[in-house]
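These are the residues of each chain, in order.
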Amino acid sequence: MIRRILLFVVAVSLVEGLSAQMTLQEYRALVRDYSHTLRRAAAVVDGAEADMRVAKKGALPSLDMSHSTTYDFRNLEEERRVDWAVRADLVQPIFYGGRVQALKEQTSMLWSAALSEEQSVDLDVTYSADVAYWSLSRAEIYCRAIERYRAIVASLGEVVSQRFLEGYISKSDLLQVESRLSDAEYQLSQAKQQRQQARHNFNLLCGNEPTCEVVLSQSILDSMAIPERERVEEIVALHPQYVAMVAEREAARWGVKVVRADYLPQIGVGVYGLWHPDSPNVKGVGSRLDGGVMISMSTPIFHFGERREAVRAARSRLHSAEIMVEDLVDEITLNESNGWTNLLSTQERVEAIRRNLAIAAENLEISTYAYSEGLGTILDVLQAQLSWLQIYSNAIAAQYDYAVAVAAYKYIVGAIEEK
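Residues numbered from 1 in each chain as written. Predicted model: local features only at pLDDT ≥ 70, side-chain atom pairs only at ≥ 80, totals over all residues. Heavy atoms only, no water.

J.: With reference to specific residues and values, describe the overall build of the chain.
T.: Check the secondary structure of the chain and you find nine helices and four strands. Mapped from its N terminus to its C terminus, the chain presents α and β elements in the order α-α-α-β-β-α-α-α-α-β-β-α-α. Considering the chain as a whole, with its 419 residues, one finds that 35% of them fall into the buried category. Sequence separation of at least 24 residues holds for 82% of the intrachain contacts in the chain that already meet a minimum separation of 6. A total accessible area of about 24400 Å² is found for the chain, and carbon and sulfur atoms account for 55% of it. (Helix = DSSP H or I, 4+ residues; strand = E, 2+ residues; numbered from the N terminus. Buried < 20%, exposed > 50% of the residue type's maximum accessible area, 1.4 Å probe, protein only. Contact = heavy atoms within 4.5 Å. Areas by Shrake-Rupley, 256 points an atom, 1.4 Å probe, with all protein chains shown as cover.)

Rendered as structure tokens:
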């Protein structure tokens, strides 16, 4: 009986092997291509880069043109009522209190932060893809386990029915097996529902139709090498979230200088051209073109303490950013320690449950054979079935926890991609 079930499982596996299979790396690529979150992060990077380019142009000359027209309501005898002027100004900033340079550095830091945030989002998306992939693998394996369990109970039911008809056992044994078979069918229905929901989540993450059939080429039952532990200092220094936070801290530092520069003297030089009617503006007189050189300077004198409070607010933002960097270092350190502990613990559970699974399978086969030969009770067989199912379920859960723990550790250290 057990051998027939195993042959059936092997045959199903061979049929699946002939279908198009999807590896974890292929699924990650599909999820990245479809991810709305990654596209939003890319848009933020584009905007930050544009802001940086705008700030760099602040030190370049600017050319502006203005036009004015006036109409005089006075009753003029000879002069025209309409007067006009067209002016062009070419201005070169000389000193704006260091605002131009500070703004360039600030926007450059914000652009670097956006790039690192995009990498961090990529880690999030990749980790979500890993969890969805392994969740579908777990759901499929668990569903097959329940199908196998139902087949085992159904096979026992055939033996019990035959022995009841022959008068070797009481109807109590038959009723117990029928009750167990009904429970197995109920569990199978639940397992199929969980598999379908896992498939929906799997497909929606990569943009497929929710009910699209997929065949995974990798499984939680595959052997996975434990990642090499990395030094916390290196993890922190290279982690995208840390790099982004440091860049935001530096942007806040330059922000203080930007605010302070708004209250310092500003100097600019330039040339201007003016086209306007000749004076006096009477009929028959043409227009003229004037021009010259100009120097502009403005100096804030008294703003009722506005400068002091503005700088104070900017420094407060800087102090907040510095504290956030320190908090992030502690968070990454704690996550790495917990992630590594979880990785080792799940690996230990996998090794322990594999030994128990072999024992439970052998116990089930012996109990079933003994009952078939009239050497055991139905309770022994039912207990062996429950024990096998519980241990098999624990084995699936342990393998899933280990696969997710491997993905989680790579996510924590900022190295989701396979090296």
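J.: Outline the packing of helix α2 (residues 24–34) against helix α5 (residues 171–205), supporting the account with residue identities and numerical values.
T.: Where α2 contacts α5, the two axes come as close as 8 Å, and the packing angle between them is 60°. When the interaxial angle is binned, α2 and α5 end up oblique. For the pair α2 and α5, the contacting residues are Y27, V31 and Y34 in the first and N201, F202, L204 and L205 in the second. When grouped by side-chain class, the residues that make up the contact of α2 with α5 number six nonpolar, one polar and no charged. (Axes fitted to C-alpha atoms, helices over the stretch in contact; angles between N-to-C directions. Parallel < 35°, antiparallel > 145°, perpendicular 65-115°, else oblique. Nonpolar A, V, L, I, M, F, W, Y, C, P; charged D, E, K, R; others polar.)

J.: Which residues make up the pattern of salt bridges, and what values go with them?
T.: Evaluation of the coordinates by the stated rule reveals 16 salt bridges. A salt bridge links R28 to D130; its shortest N-O distance comes to 2.8 Å. With R28 in helix α2 and D130 in helix α4 (residues 99–165), this residue pair connects regions lying 102 residues apart in the sequence. The same class applies to R28 and to D130, which are both buried. (Salt bridge = Lys/Arg side-chain N within 4 Å of Asp/Glu carboxyl O.)

J.: So what's going on with the state of the cysteines? Residues and values would help.
T.: On inspection of all chains with the given rule, the structure shows zero disulfides. For the unlinked cysteine C212, the closest cysteine sulfur is that of C206, found at 7.7 Å. (Disulfide = S-S within 2.5 Å.)

J.: Tell me about the nonpolar core, and name the residues and values.
T.: Counting residues in hydrophobic clusters, the biggest one holds 59 residues, and the most contacted among them are Y27, Y133, W134, F202, I220, L343 and W388. Broken down by secondary-structure element, the contributors of at least two residues to this core are α2, α3 (36–56), α4, α5, α6 (232–238), α7 (240–261), α8 (306–372) and α9 (378–412). Counting eight residues, the second-largest nonpolar core is a separate cluster that includes V256, V259, Y263 and V311. (Core = buried A, V, L, I, M, F, W, Y, C linked by side-chain atoms within 4.5 Å.)

J.: Tell me about the sheet that holds strand β4 (residues 287–298), residues and numbers included.
T.: Within the open sheet, the four strands sit side by side as β1-β2-β3-β4. Their pairing is antiparallel. If you trace the sheet from one side to the other, it starts and ends with β1 (62–71) and β4, each paired once. This sheet shows a mean twist of 20° between the axes of neighbouring strands, independent of strand direction. (Pairing = 2+ DSSP bridges.)

J.: Mind laying out the packing of aromatic side chains, listing which residues take part and the relevant values?
T.: Applying the stated criterion across every chain yields a total of eight aromatic pairs. Here Y127 and Y411 contribute two aromatic rings whose centre-to-centre distance is 5.0 Å and whose plane-to-plane angle is 25°, an arrangement assigned as stacked. One end of the pair, Y127, is in helix α4; the other, Y411, is in helix α9, and 284 residues separate them in sequence. Looking at Y127, the relative accessible area reads 23%, which means it is partly exposed. With a relative accessible area of 24%, Y411 lands in the partly exposed category. Both rings, one in Y133 and one in F202, keep their centres 6.1 Å apart while their planes meet at 50°; by these two values the pair is tilted. Separated by 69 residues along the polypeptide, Y133 in helix α4 and F202 in helix α5 bring together distant segments of the chain. Assessed through its relative accessible area of 0%, Y133 is described here as buried. According to the relative accessible area criterion, F202 is buried, its value standing at 0%. The rings of Y27, Y133, W134 and F202 are connected pair by pair, giving a single aromatic cluster. The ring of Y272 has R87 sitting right over it, with the charged end atom 4.3 Å from the ring centre. (Phe/Tyr/Trp six-rings, centres within 6.5 Å; stacked < 30°, edge-to-face > 60°. Lys NZ or Arg CZ within 6 Å of the ring centre and 35° of its normal.)

J.: Residue-level account of unusual backbone geometry, with values.
T.: Phi at F304 is positive, roughly 60°, even though this residue is not glycine. Turning to its location among the elements, F304 is positioned in the loop between β4 and α8. Residue classification places F304 among the exposed residues on the basis of a relative accessible area of 72%.

J.: Provide a residue-level description of α2, including the pertinent values.
T.: Because each turn of an α-helix spans 3.6 residues, side chains separated by three or four positions end up pointing in the same direction. Listing the buried residues of α2 in full gives L24, Y27, R28, V31 and R32. Considered in projection along α2, the buried side chains sweep an arc of 135° and stay on one side of the axis. (Arc of directions from axis to C-beta.)

J.: Any details on the environment of E234? Residues and values, ideally.
T.: Topologically, E234 is positioned in helix α6. On the basis of relative accessibility, which here comes to 41%, the residue E234 falls in the partly exposed class. Separated by 179 residues in the primary sequence, E234 and V413 have C-alpha atoms spaced 9.0 Å apart.

J.: How would you explain the environment of L38 if you had to name every residue and give the values?
T.: Tracing the backbone shows L38 in helix α3. When the C-alpha atoms of L38 and D124 are compared, they prove to be 9.4 Å apart, with 86 residues separating the residues in sequence. The contact partners of L38, leaving out residues within four places of it in the chain, are R32, E118, V121, D122 and V125.

J.: Which residues make up a nonpolar patch on the surface, and what are the values?
T.: A cluster of nonpolar side chains, contributed by L63, L90, V271 and V293, occupies part of the molecular surface with about 390 Å² of accessible area. Following the sequence through the fold, V271 ends up in strand β3 (residues 266–277). (Patch = residues over 30% accessible without salt bridge, like charges linked within 9 Å, V, L, I, M, F, W, Y side chains within 5 Å.)

J.: So what about the environment of A398? Which residues, and what values?
T.: Position of A398 among the secondary structure elements: in helix α9. Separated by 45 residues in sequence, A398 and I353 place their C-alpha atoms 7.7 Å apart.

J.: I'd like a rundown of α9, residues and numbers included.
T.: If you check α9, its first and last C-alpha atoms are 50 Å apart, about what 35 residues at 1.5 Å a residue would give, namely 51 Å. Just downstream of α9, G414 is the residue with a positive phi angle, here 75°. (Expected span 1.5 Å × (residues − 1).)

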